[in-house]
Amino acid sequence: MFRASIWSDVDLASLFNNSPNPYVILDSGLAIVGMNEAYLRVTAQTREALVGRNLFDAFPSDPASPQGRQLRASFERVLSTGRVDHLSQIAYPIAGADGALEERYWSATHTPLLDSTGKVAFVLQHTVDVTELHRLKTGDDRGAIGLETDVLRRADAVQNANLLLDDERRYLRGLFDQAPSLVVVLRGPDHIVEITNAAYQELTGQRDILGKPVRAALPAAEGQGFFELLDWVYGEGRTHVSKSVRVSARRDDGRPAEDRFIDFHYQPLRDADGQVTGIFVQGHDVTEQKRAEAAAAESDSRFRSLAQSMPNHAWTARPDGNLDWFNEQVYAYCGKAQGALDGAGWASIVHPDDLAATARAWAAALAQGELYQTEFRLRRADGSYRWHLGRAVPFRDAQGAIVRWIGTNTDIEDQKAAAVVLADMNAALEAGMAARTEELLRAQEALRQSQKMEAIGNLAGGIAHDFNNMLQVIGGNLQLLARALPRDDQALRRLRDAEAGVARGANLATQLLAFGRRQPLEPRVVNVGRLVRDMDQILRRTLGEGVEIETLVDDDLWHTLIDPGNVESALLNLALNARDAMAGQGRLIIEAGNAVLDPVYAARNDEVVPGHYVLLAVSDTGCGMAPDLVDKVFEPFFTTKAEGKGSGLGLSMVYGFVKQSGGHAKIYSEPGRGTSIKLYLPRSHQPEEPQMQVDKQAPTGGSETVLVVEDDAAVRETTVALLSDLGYRVLQAGDAASALAIVEEGAAVDLLFSDVVMPGPLRSTDLAREAKLRLPRLAVLFTSGYTENAIVHGGRLDPGVNLLGKPYSGEALARKLRHVLANEAQRQAPAPAVAEAPPPPTKTVLLCEDDALIRTVTVLQLEDLGYSALEAGSAAQALELLRQHSIKVLVTDIGLPDMPGTELARRAMEIRPDLSVIFASGQADTGRVELPRAIFLPKPYDKAGLARALARACAQEAGDQD
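Counting from 1, residues in each chain are numbered in the order their sequence is written. For a predicted model such as this one, the threshold for reporting local features is a pLDDT of at least 70, and the threshold for listing and counting side-chain atom pairs is 80 or more; totals across whole chains, interfaces and linings nevertheless cover every residue. Hydrogen atoms and water are omitted, and side-chain values are computed over all heavy atoms in the structure.

1. Structural notes on the packing of helix 28 (residues 875–884) against helix 29 (residues 901–911)
The geometry of helix 28 relative to helix 29 is characterised by a closest axis approach of 10 Å and an angle of 15° between their N-to-C directions. Compared by their axis directions, helix 28 and helix 29 come out roughly parallel. Our pair here, helix 28 against helix 29, has a crossing hand that is right-handed. Here helix 28 contributes Ala 875, Ala 878, Leu 879, Leu 882 and Arg 883 to the contact with helix 29, which in turn contributes Leu 904, Arg 907, Ala 908 and Ile 911. Only C-alpha atoms enter the line fits that serve as axes; for helices the fit covers just the stretch in contact. Angles between N-to-C directions range over 0 to 180 degrees. Counting from the N terminus, the helices are the DSSP runs of H or I reaching at least four residues and the strands are the DSSP runs of E reaching at least two. Any angle that is under 35 degrees is reported as roughly parallel, and any over 145 degrees as roughly antiparallel; angles of 65 to 115 degrees are reported as roughly perpendicular and all others as oblique. Handedness of a crossing is defined here by the sense of rotation of the near helix relative to the far one, left-handed for an anticlockwise turn of less than a right angle and right-handed for a clockwise turn. It only takes one pair of heavy atoms within 4.5 Å for two residues to be counted as in contact.

Take a look at the structure:
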């Protein structure tokens, strides 16, 4: 069987980028091939200065010195035995911050990384700075370390009590808790637990173990005589290493015991007279390594079980051609003892006349890395020979290197006349085995890609969060500066240019989130054909007259659940790429149709779910691409354009958006024949939702009290200034806990405006919930440049949550605050009992309100007032009801999801010219709406206010009738 590597690209990235301890990878000649950031920080070197250099050339040490001998001996042991080697302590000088060499002490673990043949290909060195621990043991009283030395000396003086002073114990615990490895300090011949660190407590789940014998702390420790070794180290005063000790500790926190495997290092501790007083124990958790070995063994066992069940002879060989395993059918046939055929032993059962040809065929297959196939006679246990067809196929890793040969010997003595049929059957068997192997390799590649995208997404999210915060500071201050400057056309033009730069930066952050599959999408049920037709004029103006555009849309095109804004952005991006590929002259074909991806296609393409999709394809007649480029075009930052002509984020953004939406992207291209990119978008069986339109009404401020919660001081200061400029009274806090304290102190807050990602134990969502419990009328608005799934799940904003994305403008802030405050006020508005109005001449009222709670309460109020109410959650639904029913009064919010309420009113009056319109909104700028029957009902309104507004509408109707 072939050994699967336990390292993947993402594992290495996680190891190197996240570990606080230094790591470096060396090849078998001890040349440096990679390292992590912690290694570069510790050594004060650059990656370029180290890669390719021998370790001892980059960091010279005298081979005759103790540390030089120790290091070289350790590497020699790893390279010769292929086993992990530990150095508990070695002195090695490192340049300090001032450039001067400082002698530091390190523990080093050298781990072999094996190739497919079992040889050591690389060595991973993991080092931990144990200088302070060394100084504790040796009594070095430099700097603050003198405190630990005094602590240990006084501990030895009172070792009968086995106690340290509380402040000293706290200091030592802080020191040891920083160590990533398990650390335990034992005192006396009974091995009393004196000090443990956080890693020990996390492993065992035990807290109350100090002062107890180690047998009580670890009652179930197996392997290499753990407790006996403690007695030996204490008595002999010598260090020792114990491998793979199985520990099953009793837990105090209620969790069940879990077996873990630990490599222990035992170091005796001595007093000033050199007498052993205790043992310093350091442990490295190797459980995952043991599990990986067990998994590999299990995989090998499964293969062997499968091969043993085959009726044919089966065998395997290493990449160099050395045969290393035969199944039981081979040994039963030839009568040889198990293992007798390994290596060159197989030649003993081949007919002498066939041996030379067989060896030549095998050598040729090894040299060419291709299928091995030959016919030879094999001697049976009774001495007779039978013809066999020998075949073997090479199995390769992701880089194309052969990792294993798997072969079979098929008896063709009675069927040689039917050799063709038999060969076909055998070929089918091999094809099945190859298909299974290919499937496993695809699964491994899919896992690698998934892990890579997870890492990229986390990186993109972190960058977007900080980047959007910086853009918020810049953009907010530019807007404040524009208001403060005197009228100066040149200065204002420069400010507008700077604001445009902020917008481009925000777009870049959006692209980062898109290819990392982290952007908060707003999917709706749409018809892609309509979107394509709506973009026709934009595309023609953008691409120029030299590009001929042809649009093909199926008449019965399915709907799709997708973010329409991102679809339009993706289509424009693909069209621009096509224009560049055609050098501005050519034919662009845009197709929208229905597609079905079957299980066979899904099996050949990663992350594809079989089912119905809406296909959006963009094809050009440009220069096309070679196959090696096609495989890379969706990778972030990869571009075929000249330097400065493209960022390499366009196609990766499209790919990330489609994948995040549950779709699939595929590219087809040939040099000189153009390119076609196909986007498969998930089908929806729901009716199309109305198109979103932007409310263009001028925003206003207010006098309410807003509590701003933002941990970034610069962002907080800018936001406070914008809100103050809008007339609001502003309170501010740097974290959620401080904000909650302000609320608990009785501050009268109308709206909580909080960043989503906050430091400290109290999350922003928890702050909002707690604040609402204390202030039931509190409105809540979140803001963020990256939500980290705190309020966005499944690609959609959580129900009932208001979000203003960073960076935002003062206009967007003003508009959003008024909308949120108005809706919250309407939800909280009292409903006092009022006398019913006289039976109105108009009995049916159409209510258009996107807030479900406000809509429900208002419908009940209308029914109490004697009206029959029809309700709609969007302008599109309201217009449809107007066409179906005889309605004389429309009550509508201005801030609707698909179009402004003022635009709804204009369209409604085109349908019903005698319609009266009541604007129920928190926006105060409806006075400029030139509608003959417009009535303004400010939010929050109560039943009485609603009744008065309806009475005016009824009076209008009565006047019309007169």
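2. Topic: the sheet that holds strand 32 (residues 868–872)
Strands pair, by our definition, only if DSSP identifies at least two bridges between them. Strand order in this open sheet of 5 strands is 32-31-33-34-35, and the pairing throughout is parallel. Lying at the two open borders of the sheet, with one neighbouring strand each, are strand 32 and strand 35 (934–938). Ignoring strand direction, the axes of neighbouring strands in this sheet form an average angle of 20°. Where strand 34 (residues 916–921) and strand 35 come together, 5 bridges link them in parallel fashion.

3. Some words on the confidence of the model for the protein
Per-residue pLDDT for the protein averages 76, and the proportion of residues at 70 or more is 71%. The predictor rates its confidence in each residue with pLDDT, a number between 0 and 100. The low-confidence segment residues 832–841, where pLDDT is below 50, has 10 contacts with residues more than four positions distant or belonging to other chains. The model gives residues 924–928 a pLDDT under 50, and that stretch makes 7 contacts with residues more than four places away or in other chains.

4. Examining the pattern of salt bridges
In what follows, salt bridge is the name for a side-chain nitrogen of Lys or Arg lying within 4 Å of a carboxyl oxygen of Asp or Glu. With the rule as written, the count across this model stands at 25 salt bridges. Put simply, Arg 187 and Glu 194 hold a salt bridge, and the shortest N to O gap is 3.4 Å. Residue burial is assigned from relative accessible area. The probe radius is 1.4 Å, only protein chains are included, and a residue is buried under 20% of its type maximum, exposed over 50%, and partly exposed in between. Note on Glu 194: relative accessible area 3%, which makes it buried. Between Arg 540 and Asp 536 there is a salt bridge, and its shortest N-O distance comes to 2.8 Å. Within this pair, Arg 540 and its partner Asp 536 are both found in helix 18 (residues 536–543), separated by 4 residues, close to a single helical turn. When salt bridges that share partners are traced, they join Glu 744, Glu 770 and Arg 774 into one network.

5. Structural notes on the environment of Ala 602
Mapped onto the elements of the fold, Ala 602 is located in helix 20 (residues 599–604). Sequence separation between Ala 602 and His 664 is 62 residues, and the spatial gap between their C-alpha atoms is 10.0 Å. Among residues more than four places away in sequence, those in contact with Ala 602 are Val 608 and Pro 610.

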